[in-house]
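For reference, the chains in residue letters:
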Amino acid sequence: PVVAGLAGALFPAFGYLPALGGKSFGFGAFGALFAEPGMLKSIMLSLFTGLAATLLSLAIVMAAIGASSDTPAFRWLTSFTGPLLAVPHAAAAFGFLFLFAPSGFLARLLSPELTGWTRPPDILFPNDPMGLSLIVGLVVKEVPFLFLVALSAMAQVRMLEGRRLVAAFGYGRLAGFLLGLWPQLYRQIRLAVFAVLAFSATV
């Protein structure tokens with residue numbers, strides 16, 4: 001199935017798609033693609049938003065587990081992960097838009113009493129040129145996914161014994177987790193991290 005999927009993507013990319021009249025291989029499709037105005041900027045923006053969203057999501061998950069595992073707050077966090085993961089991506093995107101847009105719910109809740117705005121401010125959010133709103137939206141959606149994956153991987157890392165060991169070496173909770181336990185945990189979840197990167201870069 002993977003080979004068939006790759007062939008279905010690569011053959012048309014190199015000009016072979018009989019259904020649309022392409023009966024020979026060549027690089028014409030790539031020439032037409034890069035001749036489109038703004039294509040290089042779009043590619044760079046996709047790479048930036050994908051990498052930034054993935055790294056931010058991973059950092060949040062790493063900090064949350066490192067600072068709060070084996071605490072009541074951590075058990076409270078885990079109870080919200082499943083329902084958040086069940087929210088469809090489109091619903092999460094619309095919810096984020098209605099909440100944080102210049103004319104969204106938060107702006108209406110605070111205006112004009114706290115902000116002084118009588119009409120929405122002229123701010124490009126979303127659709128900002130650096131993709132910051134897209135990064136925030138992706139982080140909101142991907143943190144629960146990575147957190148759930150990390151939770152299932154924690155059983156294979158022996159977190160309690162590892163914490164005792166790094167504490168015996170004199171490390172604090174967060175430093176001991178980052179130096180002693182996180183490398184083992186990341187090894188278990190790295191494929192999920194690559195999946196998040198692939199999704200974030202292609203959105």
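Now for a description of the structure that goes with this document. (Residues numbered from 1 in each chain as written. Predicted model: local features only at pLDDT ≥ 70, side-chain atom pairs only at ≥ 80, totals over all residues. Heavy atoms only, no water.)

## Examining the overall build of the chain
Okay, so step 1: Of regular secondary structure, the chain possesses nine helices and two strands.
Okay, so step 2: Going from N to C terminus, the chain has its helices and strands arranged as α-β-β-α-α-α-α-α-α-α-α.
Okay, so step 3: Here the C-alpha atoms of the chain give a radius of gyration of 22 Å, more than 25% beyond the 17 Å that 2.2 N^0.38 yields for 203 residues.
Okay, so step 4: Viewed in the frame of its principal axes, the chain has a C-alpha envelope of about 70 × 55 × 30 Å.
Okay, so step 5: Looking at the chain as a whole, 27% of its 203 residues are labelled buried. (Helix = DSSP H or I, 4+ residues; strand = E, 2+ residues; numbered from the N terminus. Rg over C-alpha atoms; globule rule 2.2 N^0.38 Å. Buried < 20%, exposed > 50% of the residue type's maximum accessible area, 1.4 Å probe, protein only.)

## Quick notes on the layout of surface pockets
Unoccupied space between atoms shows up once a probe the size of one water molecule is rolled over them.
Okay, so step 1: Here the largest pocket is characterised by a volume of approximately 480 Å³.
Okay, so step 2: Residue lining of the largest pocket: 22 residues in total, with Ala93, Phe96, Ser133, Leu134 and Gly137 positioned closest to the centre.
Okay, so step 3: Counting residues per element, the lining of the largest pocket draws most heavily on helix H5 (residues 89-100), which supplies nine residues.
Okay, so step 4: Here the lining of the largest pocket is composed, by residue class, of 14 nonpolar, six polar and two charged. (1 Å grid on protein atoms, 1.4 Å probe; cavity = no way out; pocket = protein on both sides within 12 Å on 5 of 7 lines; lining within 4 Å. Points joined across faces, edges and corners; volume = space filled by probe spheres on them. Nonpolar A, V, L, I, M, F, W, Y, C, P; charged D, E, K, R; others polar.)

## A short note on the side chain of Thr49
Okay, so step 1: Tracing the backbone shows Thr49 in helix H3 (residues 39-68).
Okay, so step 2: When neighbours within four sequence positions are excluded, Thr49 is seen to be in contact with Met130, Gly131, Leu134, Ile135 and Ser200. (Contact = heavy atoms within 4.5 Å.)

## Concerning the side chain of Asp128
Okay, so step 1: By secondary structure assignment, the location of Asp128 is in the loop between helix H6 (105-110) and helix H7 (132-154).
Okay, so step 2: It is Lys41 that comes nearest to the buried, bridge-free Asp128 among opposite-charge side chains, at 10 Å.
Okay, so step 3: A polar atom in the side chain of Asp128 sits 2.7 Å from the side chain of Ser133. (Lys, Arg positive; Asp, Glu negative; His and termini not counted. Salt bridge = Lys/Arg side-chain N within 4 Å of Asp/Glu carboxyl O. Polar contact = N/O pair within 3.5 Å; in protein donor to acceptor, adjacent residues only side chain to side chain.)

## Brief notes about H3
Okay, so step 1: The terminal C-alpha atoms of H3 lie 43 Å apart, and with 30 residues this matches the ideal 44 Å at 1.5 Å per residue to within 8%.
Okay, so step 2: Those residues of H3 that sit buried are Thr49, Gly50, Ala52, Ala53, Thr54, Ser57, Leu58, Val61, Ala64, Ile65, Gly66 and Ser68. (Expected span 1.5 Å × (residues − 1).)

## Quick word on the nonpolar core
Okay, so step 1: With 27 residues, the main nonpolar core has Val61, Ile65, Leu146, Met159, Phe177, Leu185 and Ile189 as its most contacted residues.
Okay, so step 2: For this core, the secondary structure elements donating two or more residues are H3, H7 and helix H9 (173-202).
Okay, so step 3: In terms of residues, this core owes the most to one element, H7, which gives ten residues.
Okay, so step 4: In this structure, Ile65 is in contact with Phe74, Phe147, Ala150, Met154, Met159, Arg163, Phe177 and Leu185, ignoring residues within four places of it in sequence. (Core = buried A, V, L, I, M, F, W, Y, C linked by side-chain atoms within 4.5 Å.)

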